[in-house]
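Here is what each chain is made of, one letter per residue.
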Amino acid sequence: GTSGGALDSVGLFRWNRADGSIDEIVRTGDVAVDGLGLFVGFDDLAYNNKGQLAFFADMHNGNFSYKAIYFYDKSTGVIPVTWTGQSIGGGTISNLFFRSGSQGEGMQRSGLSARGHVAFSYWSGGYGGVALWTPPFPLNFTPPKPSFAINGNNAELTIPTESGLDYQLQRY
């Protein structure tokens, strides 16, 4: 058992195939990283091949309950994506929709991309919308090493990209 008994017996965990260890991601009763409430339930989990997760959570802050979408990466932990009650496009989100799934063989459709983007749809002020959340920083990313050369009055900055193509800024 756990110290919280039945109140914290549900959660999201990640199994590491290489060493058999289990990482706890979040449990019911945990305080959300944004401090706006407690996790009381989980739905619609999506994961990608990088071990990142996006999930729907039922939240409660003592005064009211709401739905939220969270993102998890081992380097950042759990961070909020969006929630009912959040302002968006001049309105307030009243309902959220998120597609669970994985990106294994067959590339099933999912609300989480291979690069950690989270797609969701919502209702706000009588209209619906679709949004794409992008992590506020690169995850599991090693910055490229740019090169800089000066040749007389000419300067060239080359920045390699993941695709193998280089961006070049030149001044002649």
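Everything below is about the structure printed above this text.
Since the structure is predicted, the reported quantities are computational estimates derived from the model, not experimental observations. (Residues numbered from 1 in each chain as written. Predicted model: local features only at pLDDT ≥ 70, side-chain atom pairs only at ≥ 80, totals over all residues. Heavy atoms only, no water.)

(A) Seen up close, the overall build of the protein chain. Helices and strands together make up the secondary structure of the protein chain, namely 0 helices and 14 strands. Counted from the first residue to the last, the protein chain has its helices and strands arranged as β-β-β-β-β-β-β-β-β-β-β-β-β-β. Looking at the protein chain as a whole, 31% of its 172 residues qualify as buried. Partitioning the contacts of the protein chain with sequence separation of at least 6, the portion at a separation of at least 24 is 35%. (Helix = DSSP H or I, 4+ residues; strand = E, 2+ residues; numbered from the N terminus. Buried < 20%, exposed > 50% of the residue type's maximum accessible area, 1.4 Å probe, protein only. Contact = heavy atoms within 4.5 Å.)

(B) Inspection of unusual backbone geometry at higher detail. Positive phi outside glycine occurs at Asp 44, with the angle close to 45°. Position of Asp 44 relative to the elements: it lies in strand E3 (residues 38-47). Judged by its relative accessible area of 33%, Asp 44 falls in the partly exposed class.

(C) The arrangement of the environment of Ser 100 in detail. With respect to the helices, strands and loops of the structure, Ser 100 is situated in the loop between strand E8 (91-97) and strand E9 (101-102). Linking Ser 100 and Leu 45, residues 55 residues apart in sequence, is a C-alpha distance of 5.0 Å.

(D) Spotlight on a nonpolar patch on the surface. On the surface, Phe 13, Trp 15 and Ile 22 cluster together to form a nonpolar patch covering roughly 360 Å² of accessible area. Among the secondary structure elements, Phe 13 is positioned in strand E1 (residues 11-15). You can call Phe 13 partly exposed: its relative accessible area is 40%. (Patch = residues over 30% accessible without salt bridge, like charges linked within 9 Å, V, L, I, M, F, W, Y side chains within 5 Å. Areas by Shrake-Rupley, 256 points an atom, 1.4 Å probe, with all protein chains shown as cover. Salt bridge = Lys/Arg side-chain N within 4 Å of Asp/Glu carboxyl O.)

(E) Spatial organisation of the packing of aromatic side chains. Taken as a whole, this structure holds 8 aromatic pairs when the rule is applied. When the centroid spacing of 5.3 Å and the interplanar angle of 50° are considered together, the rings of Phe 71 and Trp 133 count as tilted. One end of the pair, Phe 71, is in strand E5 (residues 65-73); the other, Trp 133, is in strand E11 (residues 127-133), with 62 residues separating them in the sequence. Here the two residues Phe 71 and Trp 133 agree in accessibility, since each one is buried. Through pairs of rings, three or more aromatic residues link up here, namely Phe 39, Phe 42, Phe 55 and Tyr 70. Above the face of the Phe 56 ring, Lys 67 is positioned so that its terminal group lies 5.1 Å from the ring centre. (Phe/Tyr/Trp six-rings, centres within 6.5 Å; stacked < 30°, edge-to-face > 60°. Lys NZ or Arg CZ within 6 Å of the ring centre and 35° of its normal.)

Taken by themselves, the reported measurements are silent on function.
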